[in-house]
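# Examining the three-dimensional arrangement
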Amino acid sequence: MKKITELKKGYAKVFFWLLFTLFLIPAITLVFAEYGNNALNQQYTQIFIEDARGQNQDVGKLTDFLQQNPPSSVCGPVTDDLLDYKNAVCAPKSELWQFSMMDKVAFWTLIASGIVLLMVLLLSALAFRNRRSQLLSLTLARRFLMLVCSLEVIVQGAMLVWLSFWGTAFFTQTYYPKLVMAVGLLVLAGMYYMIKGIFKKLPPEESVEGEVVLREAAPALWSRIDALAARVGTSPPDHIIAGIDTNFYVTEAPLSINQHPLTGRKLYVSIPLLRQLTTAQADGVMVHELTHLHEGDTASSALLGPKLHNFDLYMQLMGQNVATLIVFYPLYLYRILFELAWQRNSREREFVADRNASALTSPAAIIESLIKVSAYASYRNEVERNLFENNMLHENELGISKAIAVGLSQHVGSSEFISIMREQNVPHPFDSHPPLTERMRNVGYSVEEIGYAAVAAELPTESWVDLMPVADLIEQQLWQKYERDFSSAHEESLAWRYQPTGETEIALVLKHFPNVPFTLKDGSQIEITWQGIVKPQTAELLEWDNVKDLNVIRSFGRDILYVRHMQTNTHGKKRSEIRLPGLKKEIENFKNTLGYYWHRHQTVRALLTQQATVTVQDS
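So, a few notes on the structure that sits alongside this text. The residue numbering used here restarts from 1 in each chain and proceeds along that chain's sequence as written. Predicted model: local features are reported for residues with pLDDT of at least 70 only, side-chain atom pairs are reported and counted for 80 or more only, and whole-chain, interface and lining totals are derived from all residues. Calculated side-chain values reflect all of the structure's heavy atoms, with hydrogen atoms and water omitted.

### Observations regarding the pairing of strand β8 (residues 516–519)
Counted only if it meets this: When DSSP finds two or more bridges between two strands, those strands count as paired. Under the scheme used here, helices are H or I runs from DSSP no shorter than 4 residues and strands are E runs no shorter than 2 residues, and both carry numbers assigned from the N terminus.
Pairing of β8 with strand β9 (residues 525–528), which is carried by 4 bridges, proceeds in the antiparallel orientation. Bridge pairing links Phe518 to Ile526 in β9. Linking β8 to β9, which pair antiparallel, is a turn of 5 residues; within it Gly523 sits at a positive phi near 95°.

Here it is, written out as structure tokens:
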């Protein structure tokens, strides 16, 4: 329930910001334009009446005419007898003409914003129908939202520039060129990011850690796959990939294995998981996966995948600039609603695959394999989490696979194991797989909670690994690489965690956060270190512990680093200014390095605070 409540709050927040970005500026513009129209109507009416009085004309008749035809009413098409009147009060580009035009633009922009919101909801609803509708929905949504929201940025940007001028000029009879210029640059930045996002190239195909198992390397394995594929009624996969991830899957999306691209239908098998499954249980898993091929699930995913990835890249880019948030939030709302539709359909496809695996093998095989996979995956996560949270550098072989093999039986026999399995049975809108309890009901076979441990602890006397003579070599090589990468990631994480005290810890932090000098125009250097900032000329160390926040600002062609202190510095001030002459070409690199090292220190500070809180609570 807590997760559902958090999701609802998240949806409400996205919806609020969508309304805010779509409607706020046109609503303000409409109110201001209406106010301006009324004020100018009164102003012009007063001028006409005073002029008529000065010329001893009939003021009453003129007043009746102005009440029936206020100045702003003739800013649109008029009859010939009102043309002179229109040219007098609402000539093109005049004040009243601008306010009248912006009034209409704001009104229709609000209508357009309402249509954008309605289309987001309608296109999301279309995605809930079926897989084919999802592809149509995504294609239409991307084209529609990119076009319409881009127009919204341009139109609302023009409104913002207009407001930045008239917001001050109308009330104070003056305006601020810098304000107008700043708003104009913001709008241009938004247009630049939109164009950049439209033409952004997709990254190369996904790379998977594993080895392709050729037919001649494992003929018995391929023979069994061929036989199961024939029972399912589909052609066998074009490639079998063996790896050590805790997963089985099929895909038709492009993949890269050891920098070699693979196309066609691919089946990924996990060697560690196959060691846990009996032959019958592995048969159930493979029939389940082959059913996805037979039902066209992978073909659909292969079509949707690149489009969805392209959509996500564009959406993320739009979220990086305040000027394009008006594009980001409609895209984001559609994306999370589409994800709900996608995952709901994925759960339905899992049910279909489970039922077919149950019919062609046995209900027990598929359910018991699910329990074993969950047990192995949960314990592997626990082993790796403990290793990663260790604050000491791992100097010897990690032996993750051995640790899992030794401790798995104890893990499944613990009281925590049942709790872990229960957590996996809590439904979640973004789950692509149904909870275990629902999958049991789907195939008509259930295992009581008390029986999970016995199923998970059962080791097979023979398995599919026996059909793969190359399995041991592949697994050994992949675990070695995985542990090297794991140790490297752990070492880097320690560099982010340490407030180093000894030579070893200092050396590790310096390895990942070396001192970085930047030479200024006068030849002096400002140096960024894990300890803080070494000021130019004086070489005084400004420690991170005495930094509250910092920012690099360019003012009148000069770059200046502004630092606010936690406490007063040696000069008794709570703020420092460090001028950065001569860093024009290096300024972006300087800002990135500064932010990176500052973020490391904030991470260390947060961890120390968290540890202190835990210590107090424990005592």
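### Focus: the pairing of β9
Quick reminder of the rule: Exposure classes here rest on a 1.4 Å probe applied to the protein chains alone. A residue is buried below 20% of its type maximum, exposed above 50%, and partly exposed in between.
Residues Ile526 and Ile528 line the buried face of β9, whereas the alternating positions Gln525 and Glu527 sit on a face that is not buried. Counting the residues between successive antiparallel strands, the hairpin from β9 to strand β10 (residues 532–534) contains 3 residues.

### Here we look at unusual backbone geometry
For Gln537, which is not glycine, the phi torsion reads 70° and is therefore positive. With respect to the secondary-structure elements, Gln537 resides in the loop between β10 and β11 (541–543). Gln537 gets classed as exposed once you look at its relative accessible area, which sits at 67%. Of note in the backbone geometry, Ala539 takes a positive phi value of approximately 60° without being a glycine. By secondary structure assignment, the location of Ala539 is in the loop between β10 and β11. The exposed category is assigned to Ala539, whose relative accessible area is 56%.

### As for the packing of helix α7 (residues 219–232) against helix α9 (residues 279–294)
To be explicit about the condition: A fitted line through C-alpha atoms serves as each axis, taken over the contacting stretch for helices, and the angle formed by two N-to-C directions is quoted from 0 to 180°. Put simply, angles under 35 degrees are roughly parallel, angles over 145 are roughly antiparallel, angles from 65 to 115 are roughly perpendicular, and the rest are oblique. Take the far helix as your reference; a near helix turned counterclockwise from it by less than a right angle gives a left-handed crossing, and one turned clockwise gives a right-handed crossing. When checking whether two residues touch, look at their non-hydrogen atoms; a contact exists if any pair is within 4.5 Å.
Two elements in contact, α7 and α9, have axes whose closest approach is 9 Å; the angle formed by their N-to-C orientations is 55°. With respect to each other, α7 and α9 are oriented oblique. Remark: the crossing between α7 and α9 carries right-handed chirality. Here α7 contributes Arg224, Ile225, Leu228, Ala229 and Val232 to the contact with α9, which in turn contributes Thr279, Asp283, Met286, Val287, Leu290, Thr291 and His294.

### A word on the nonpolar core
To keep it simple, the criterion reads: For our purposes a nonpolar core is just a set of buried Ala, Val, Leu, Ile, Met, Phe, Trp, Tyr and Cys residues, chained together by side-chain atoms within 4.5 Å.
Ranked by internal contacts, the top residues of the largest apolar core, which has 58 residues, are Val269, Leu274, Met286, Ile371, Tyr452 and Met468. With 9 residues, helix α12 (residues 363–389) is the largest single contributor of residues to this core. Ignoring any residue separated from it by four or fewer positions in sequence, one finds Leu274 in contact with Phe248, Val269, Ala282, Met286, Ser463, Trp464, Val465 and Met468. Leu117, Tyr314, Leu317 and Tyr329 belong to the second-largest nonpolar core, a separate cluster that totals 35 residues.

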